[in-house]
Amino acid sequence: MGKNGASHSGSHVVGAPLPRIDGYAKVTGAAIFADDMALPRMLFGKLLRSPHAHARILSIDYARALRIPGVVAIAIGSDLPIRYGILPSAQDETVFAIDKVRYVGEPVAGIVAEDELTAQTAAALVDIRYEVLPSVMSIDAALLDVDGNGEKIHPDSRRDNNVHKEVHLTFGDLDAGFADATRIFDDEYFFEGNTHAALEEHSAVASCGADGKLTLWSSTQTPHYLHRVASAVLELPASRIRIIAPPVGGGFGGKTEPVAHELAAAYFSRKTGRPVKFTLSREEVFYTHRGRHPVRIHLRTGIRADGSISACRVQTWLDGGAYGSYGVATTYYTGALLPVTYKMGAYAFDGCRVYTNKPPCGPKRGHGTTQPRYAFESQLDEIAKELGLDAGAYRAAIAIDPYSRTVNHLRVTSCGLREALSAVSERTGFSDKHGKLAPGRGIGLAASAYLCGAGLPIYWNPMPHSGAIVKVDRGGGVTIFCGTSDCGQGSQNMLAVIVAEALGVDVLDVSVCSGDTDLTPVDLGSYSSRVTFMAGNAARSAALDVRERIAVVAGAELGIAPERCAFENGRVFDRKNPDRALSFIDAARATEARFGTLAGVGSYTPPADLHGDFKGSGVGPSPAYSYSACVAEVEVDFETGEVRVERIVLAHDCGRALNPRIVEGQIEGSAYMGMGEALMEESAFRNDLHRIPNLLDYKTPTILDTPRIDAIVIETKELEGPYGAKEAGEGPLNPVIPAIANAVADAIGRRIYATPITPERVLQALDGTAGPLRLRAPIAMKTT
Amino acid sequence: MSIAPSKILATLRVNGRDATLAFHPHATLLEVLREELRLTGTKHGCELGQCGACTVIVDGTPVLSCLTLAAEAIGRSVETVEGLAVDGTLHPVQRAFLELGAAQCGYCTPGFLNAAVHLLEKNLEPSEAEIRDALAGHLCRCTGYTKIVEAVALAGRRMRASIDG
Ligand code: FES
Ligand code: FES
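Residues numbered from 1 in each chain as written. Chains lettered and ligands numbered in written order. Predicted model: local features only at pLDDT ≥ 70, side-chain atom pairs only at ≥ 80, totals over all residues. Heavy atoms only, no water.

A closer look at the overall build of chain A
Applied cut-off: The helix and strand labels rest on DSSP assignments: H or I over at least four residues marks a helix, E over at least two residues marks a strand, and numbering proceeds from the N terminus. Throughout, the radius of gyration refers to the C-alpha atoms, and the reference size of a globule is 2.2 Å times the residue count to the power 0.38. Relative accessibility decides the category of a residue: with a 1.4 Å probe and only protein chains considered, values under 20% of the type maximum give buried, values over 50% give exposed, and everything between is partly exposed. Note on contacts: a residue pair qualifies if any of its non-hydrogen atoms lie within 4.5 Å across the two residues. To be clear on the numbers: accessible area is Shrake-Rupley with a 1.4 Å probe, and residue cover counts the displayed protein chains and nothing else. Working convention for charge: Lys and Arg count positive, Asp and Glu count negative, and His plus the chain ends are omitted. Charged side chains are reduced to one point each, which is NZ for Lys, CZ for Arg, CG for Asp and CD for Glu.
Helix and strand content of chain A: 19 helices and 30 strands. Whereas a compact globule of 784 residues would reach a radius of gyration of roughly 28 Å, chain A reaches 27 Å, a difference of no more than 12%. In terms of its C-alpha atoms, chain A occupies a principal-axis envelope of roughly 80 × 75 × 50 Å. Burial status across chain A gives 67% buried among its 784 residues. Looking at chain A alone, contacts between residues at least 24 apart form 80% of all its contacts between residues at least 6 apart. For chain A, the computed accessible surface area is about 25,600 Å², with 51% contributed by carbon and sulfur atoms. Side chains of chain A give 79 positive and 91 negative charges; the mean places of these two sets differ by 3 Å.

Written out as structure tokens, the structure is:
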């Protein structure tokens, strides 16, 4: 029996630490990323970007630029006037700004030329006149009503200020919950924004055939959404557009929504009849952004005498930047997942996202759940301390139970939270060290939960979230077609492993054709940690579709019922008498002879009963949740304020590890990225300008900053996951930041209420000048 | 037509073979490798000397090809990731990266491989600190560096064993 209860004997691929199937291409330089492509007669494009954070565009004159030899075409906002946005509720961007610009770096025009240098030179000759408007650069400024002289960032919004979205949800009787509390903890935290900084700069290549059919290769995590948006913006039927996602050089959420350069490449290729490439510079990647929202978080938590949470109220204010992006979803996510880890008597959540004149924020690994998780796990540490309880044991005591419902009605299935907590505690001897280390040394612990895919699609539709086709060749090769995009997380390998497991063939005999809207069934994309669960399930059912047919034919040949056929090691055999066997190839050929072309289809749609029935219930539900716990050990230099992370131990419940080595890699990468966010990464602005749009000043941890990382894989049995699997790509990041914050608090005996925990902030805390953030009355929020 | 200045004709020795080609005098080695020679294994993450993705070996020394003019490489020997595997057999460092999963998205990988091979050519038994030092100029956003360090150490052990054995 397989671990998930399916009648599948003896797994040989699932669970094996095999090299990833696309690894050869990656270690030889053979993998072709978007910018590696070159097509005959290809033109190069440049975007002209706004130097102002907020300004009206008075005029654009590009006649001189167009006369430069080698310049082929120029376009501005009015050439591509259709608004788009990743969420149906936020169709607020155009490819090039129309009438006004809303952040420094916003594309205003596009130029294509015979070569990059020419495009760049011509760009400098485009004459754009602006009328500069006052800019809005902070949450506080955005909440103020706009007076007579001011102008809203989005003049057509219905409010008097720059609020984009408000959310108010209450579950249970909050007043009774707080009345029931013996102690109430009230704290405010600030999580600074930061960015993905995937190493590959975004790139797109478009080619329009003589038949008018457009092919667009783009480093995108979401080829399907790009397909939809390209069709709308270019006013071209989707059937005439083919989107291909080549290997993506890191995403982390930064490539999950259609952005200007992709659509510009497509537009110019149609206009010129030639292939066109746009590759962003590193600086442009910082402006394209869609990174982690800066969030101010107010937490009020009531605790009963026994330590249980009687009531919790979370208020968040998100600095959204200039456009909607995924922001409505992000806003909900700042409230949706806290109850997935811990039991609470009552829960209320108020979220407010504002527009500011900065590059738009969007989803980064952990999407919207990372910031409140940092705050909540920090506060829990203070609560445990007040109660005199061990930080790990306290969390285990209030942990949510497997197969339960959260206070906000989310369905929880498998849950390895307690196992993860005890694994990290034991591995580090946490209880013996916490609060007992020498001054300057500290240890901290935190936990979290994450989605295995959003339970509902971004645009409402009743179709599957993922589809797959499995085809068997007469030579025994198996191909899986699925619309996924691999940004390094290993989705190609995941698909191959699942199909190999289902059909009992060598994983290297499986080819993966992914992310190609002409060839592959839709998968919604690499976001919300959905791919293993959803595409994995689709792939598995497509493979089982094929297997069932083979079993009918092989069973007949072997003189046994189809159910008695086992598939392993390239053989189909009688599970009661393994010597009676056919080779997989012979069985597949016989099946093709009997039933015709041997291909199977599968799809995955999440179950319908994941959530409650209220407005906003669509964000947060997931078919399953992953759980993580982290312990970090730090050393703080009292002289310089520098924090050195000495060790991170991170345990993650991923259901069944389809490939433990890849799961470890995701855990290690999450530990590293979380550490960067905790200590150094920040999207900082000076007046209207991004202060540090390059990889030297935007500090990320180098190999010298990054400590030993112990990844602990916790396996639970997730009945609905493919071969029992859950996600591993995002969840493990979330506990790392509060674990480090808690370790710093342990080391210096004071809490720092903001990220990143820079030397400056440490020194301020040591001086006593920092203190808790000022608590203040919520502005622009109704009280519930 | 274009406004670019005229090209120079020169011979570059790349992965042991001479290639005569024309390129702009201001072209970087990165651009010439990728765009003229179509050796796209060499990557770029910043083109400002900040990420290490573009690292190649010139006359035995790792250099950032985004900060090196192609003209500077004339008459010198350039090695890129495409030259690491010999007759389809992976270099031990490549094999270790593959086996341990030290390449996730793989975008930083060519730069790391070149730096690691260079390290092991000088020192087959590097300590963890020496490995980290040698790779300090390279950013990886995916792996947390853990498996990269392990892979370099593993490759060193294997290379030692094959010499000893
Ligand atoms: S591209 Fe050369 S160092 Fe980044
Ligand atoms: S593997 Fe993606 S940047 Fe290193």
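What to know about the sheet that holds strand 2 (residues 55-61) of chain A
All names here are of chain A. Applied cut-off: Between any two strands, pairing holds if DSSP finds at least two bridges.
Here we have three strands laid out as an open sheet, ordered 4-2-6, and antiparallel in their pairing. One side of each edge strand has no neighbouring strand; the edge strands of this open sheet are strand 4 (100-101) and strand 6 (127-132). Two strands pair when backbone bridges link them, and strand 2 and strand 6 are joined in this way by six bridges, in the antiparallel orientation. In the sheet register, I60 faces strand 6, and the bridge partner there is I128.

Overview of the interface of chain B and chain A
Interfaces are often sized by the amount of accessible area the parts lose when they come together. Defined as follows: The term buried area denotes the loss of accessible surface (1.4 Å probe radius) that occurs when two parts are joined, taken as the sum for both partners. One side-chain nitrogen of Lys or Arg within 4 Å of one carboxyl oxygen of Asp or Glu is enough to make a salt bridge. What qualifies as a polar contact is a pair of N or O atoms within 3.5 Å, subject to a donor-acceptor requirement within protein and to the restriction that residues adjacent in sequence count only when both atoms come from side chains. Side-chain classes are defined by residue name, with Ala, Val, Leu, Ile, Met, Phe, Trp, Tyr, Cys and Pro counting as nonpolar, Asp, Glu, Lys and Arg as charged, and the others, Gly among them, as polar.
On the chain A side, the residues contacting the 49 residues of chain B number 59 residues. With both sides pooled, the region where chain B packs onto chain A buries about 4,400 Å², and carbon together with sulfur makes up 60% of that total. Joining chain B to chain A, the criterion identifies six salt bridges. Between R34(B) and D35(A) there is a salt bridge, and its shortest N-O distance comes to 3.0 Å. Our count for the chain B to chain A interface comes out at 27 residue pairs in polar contact (both at pLDDT 80 or more). Looking at the side of chain B that touches chain A, the elements with two or more residues in it are helix 2 (92-100), helix 3 (109-122), helix 4 (128-134) and helix 5 (146-164) of chain B. The element contributing the most residues to the side of chain B that touches chain A is helix 2 of chain B, with five residues. Looking at the side of chain B that touches chain A residue by residue, the classes come out as 25 nonpolar, 15 polar and nine charged.

Some details on the confidence of the model for chain B
Selection rule: Predictor confidence is given residue by residue as pLDDT, running from a minimum of 0 to a maximum of 100.
The predicted model of chain B averages 96 in pLDDT, with 97% of residues at 70 or higher. ipTM for the predicted complex: 0.97, alongside a pTM of 0.96.

What to know about the side chain of R49(A)
Residue and element names in this part refer to chain A. With respect to the helices and strands, R49 occurs in strand 1 (residues 43-49). Within the local environment of R49, its side chain forms a polar contact with the backbone oxygen of G105, the two atoms lying 2.7 Å apart. Polar contacts involving the side chain of R49 include one to the side chain of E284, which spans 2.8 Å.

Focus on the domain arrangement of chain A
All names here are of chain A. Selection criterion: Throughout the structure description, domain borders are defined by an automatic or database domain assignment.
According to the domain assignment, chain A contains domain 1 (10-31 + 464-604), domain 2 (34-133 + 196-288) and domain 3 (295-456 + 612-766). Each of domain 1 and domain 2 has a C-alpha centre, and these two points are 37 Å apart. Taken together, the contacts link 17 residues of domain 1 with 19 residues of domain 2. The largest per-residue losses of area from domain 1 upon contact with domain 2 belong to C487, T517 and D518, which jointly make up 34% of the total buried on that side. One salt bridge connects D518 with K213, and the closest N-O pair in it is separated by 3.2 Å. At the junction of domain 1 with domain 2, the criterion picks out eight residue pairs in polar contact (both at pLDDT 80 or more). Here the residues of the side of domain 1 that touches domain 2 are counted per class, giving six nonpolar, seven polar and four charged.

Concerning the packing of aromatic side chains
All names here are of chain A. For the record, the criterion: Stacked, edge-to-face and tilted labels apply to pairs of Phe, Tyr and Trp rings (six-membered ring for Trp) whose centres lie within 6.5 Å, assigned for plane angles under 30 degrees, over 60, and everything in between, in that order. Any Lys NZ or Arg CZ found within 6 Å of a ring centre and within 35 degrees of that ring's normal is scored as a charge over the ring.
Using the criterion set out here, one finds 17 aromatic pairs over all chains in the structure. Consider the rings of F191 and Y374, whose centres lie 5.7 Å apart with planes at 75 degrees: the pair is edge-to-face. With F191 in strand 8 (residues 183-191) and Y374 in helix 10 (residues 370-387), this residue pair connects regions lying 183 residues apart in the sequence. Note on accessibility: F191 and Y374 belong to one class, buried. Counting every residue linked through ring pairs, the aromatic cluster contains Y189, F191, Y374 and Y753. Taking the ring centre of Y459 as reference, the NZ or CZ of R228 above it sits at 3.3 Å. The residue whose ring lies beneath R300 is F178, and the NZ or CZ to ring-centre distance is 4.8 Å.

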